[in-house]
Amino acid sequence: MPGPTPVPTPDTAPYWDGAAAGELRIQQCTGCTEHYFYPRPFCPRCGSADVEWRTTSGRATLVSYVINHRPLPPSEGPLVIALVQLEEGPRMMSNVVGVEPEPANLPLGMPLRVTFEQRGEHAIPVFTPAEAAR
Ligand SMILES: [Zn+2]
């Protein structure tokens, strides 16, 4: 996401390592099988500390979005700030790229896939329409 450079912590390092490898990784509770995001050392559903990192499919759907017309460095021009729901269940804030930022191009429920943008030191997960996939 645009804004301050993310600083990995022990809780989030696997997430950034995954992004650098082109993988979107989230945590899954071994106890109740819940996938969740953002990274935490305990399952938000059942409280178990028995959690593992998983690589997601990278597939998601568009839940809601706003088109930000104020430039947010390093982005130039309008930016789609979106809430997406991963195939595994969790929702995350991200950007939708690869389409003109107009409502006609952003139907809710649209299938998306993850891609990565290098911003500063970090690869940042963003989403693009699944039809744009090779
Ligand atoms: Zn759990």
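Residues numbered from 1 in each chain as written. Predicted model: local features only at pLDDT ≥ 70, side-chain atom pairs only at ≥ 80, totals over all residues. Heavy atoms only, no water.

Peer 1: Break down the overall build of the protein for me, citing the residues and quoting the values.
Peer 2: In terms of regular secondary structure, the protein is built from one helix and eight strands. Taken over the C-alpha trace, the protein has a radius of gyration of 15 Å; the compact-globule value for 134 residues is 14 Å, and the two agree within 12%. When its C-alpha atoms are laid out on the principal axes, the protein stretches across 40 × 30 × 25 Å. Within the protein, the fraction of its 134 residues that count as buried is 35%. The contacts of the protein with a sequence gap of at least 6 include a subset with a gap of at least 24, amounting to 48%. Total accessible area computed for the protein in this model is approximately 7400 Å², and 54% of it derives from carbon and sulfur atoms. (Helix = DSSP H or I, 4+ residues; strand = E, 2+ residues; numbered from the N terminus. Rg over C-alpha atoms; globule rule 2.2 N^0.38 Å. Buried < 20%, exposed > 50% of the residue type's maximum accessible area, 1.4 Å probe, protein only. Contact = heavy atoms within 4.5 Å. Areas by Shrake-Rupley, 256 points an atom, 1.4 Å probe, with all protein chains shown as cover.)

Peer 1: Can you break down the pattern of salt bridges residue by residue, with the values?
Peer 2: Counting across every chain of the model gives five salt bridges. E52 is the partner of R54 in a salt bridge, and the nearest nitrogen-oxygen pair spans 2.9 Å. On the basis of relative accessible area, R54 is assigned to the partly exposed category, the value being 33%. The exposure class of E52 is partly exposed, given its relative accessible area of 34%. E117 is paired through a salt bridge with R119; the nearest N and O atoms lie 2.6 Å apart. Judged by relative accessible area, which is 28%, E117 ranks as partly exposed. (Salt bridge = Lys/Arg side-chain N within 4 Å of Asp/Glu carboxyl O.)

Peer 1: Give a description of the coordination of the zinc ion that names residues and reports values.
Peer 2: Bound to the zinc ion on the protein side are C29 (SG), C32 (SG), C43 (SG) and C46 (SG), at distances that span 2.3 Å. Coordination at the zinc ion is tetrahedral, judged from the four donor atoms that bind it and the angles of 104 to 117 degrees they form at the metal. Between consecutive donors of the zinc ion, the numbers of intervening residues give the motif C-x2-C-x10-C-x2-C. (Donors = N, O, S within 2.8 Å, 3.2 Å for Na, K, Ca; no water. Tetrahedral: all angles 85-135°; square planar, octahedral: opposite > 155°, others 65-115°.)

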